[in-house]
Amino acid sequence: MSLASLRDDYTAAIFGASGGIGRAFVDQLASDPRCARVHAGARSSPAHDHAKIVPFRFDLTDTASLEVAAQTVGAPDVVIIATGVLHSENLAPEKSMRA
């Protein structure tokens, strides 16, 4: 992945870093030599083995956790939202591909 338009030593924040798509973004950004830091946010802090990755906890339904996340992350150059909803009161995962 090339992010040539960003300055050297850019920072990134990924919200939803524990899911498949979010984790892939975290890994790609951490492997970019021009990226200084990747803030990786999730409801539970996933383990990361790269020195550039700074995990933080947040919950989209908890305003206080979002405020703490904003203070932790600061003003990154890149923000990626990779959150999703598996199910809620009115939404459930599909059980089959049949119409």
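Our subject is the structure listed above.
Predicted model, so just to flag it, every value in this text is computed and none were measured. (Residues numbered from 1 in each chain as written. Predicted model: local features only at pLDDT ≥ 70, side-chain atom pairs only at ≥ 80, totals over all residues. Heavy atoms only, no water.)

Colleague: What exactly am I supposed to notice about the sheet that holds strand β4 (residues 78-81) here?
Modeller: Strand order across the open sheet formed by 4 strands is β3-β2-β1-β4, with parallel pairing between neighbours. This sheet does not close on itself; its edge strands, each paired only once, are β3 (53-57) and β4. Strand-to-strand twist of the sheet, defined as the mean angle between neighbouring strand axes without regard to direction, takes the value 15°. Taken together, the 4 bridges between strand β1 (residues 10-15) and β4 define a ladder with parallel strand orientation. Following the sheet pairing, F15 is matched in β4 by I81. (Pairing = 2+ DSSP bridges. Helix = DSSP H or I, 4+ residues; strand = E, 2+ residues; numbered from the N terminus. Axes fitted to C-alpha atoms, helices over the stretch in contact; angles between N-to-C directions.)

Colleague: I tried to follow the environment of V54 on my own but got confused; where do I start?
Modeller: Along the chain, V54 falls in strand β3. As a C-alpha pair, V54 and R37 span 17 residues in sequence and 7.2 Å in three-dimensional space. For V54, the contacting residues outside a window of four places in its chain are R37, V38, H39 and A40. (Contact = heavy atoms within 4.5 Å.)

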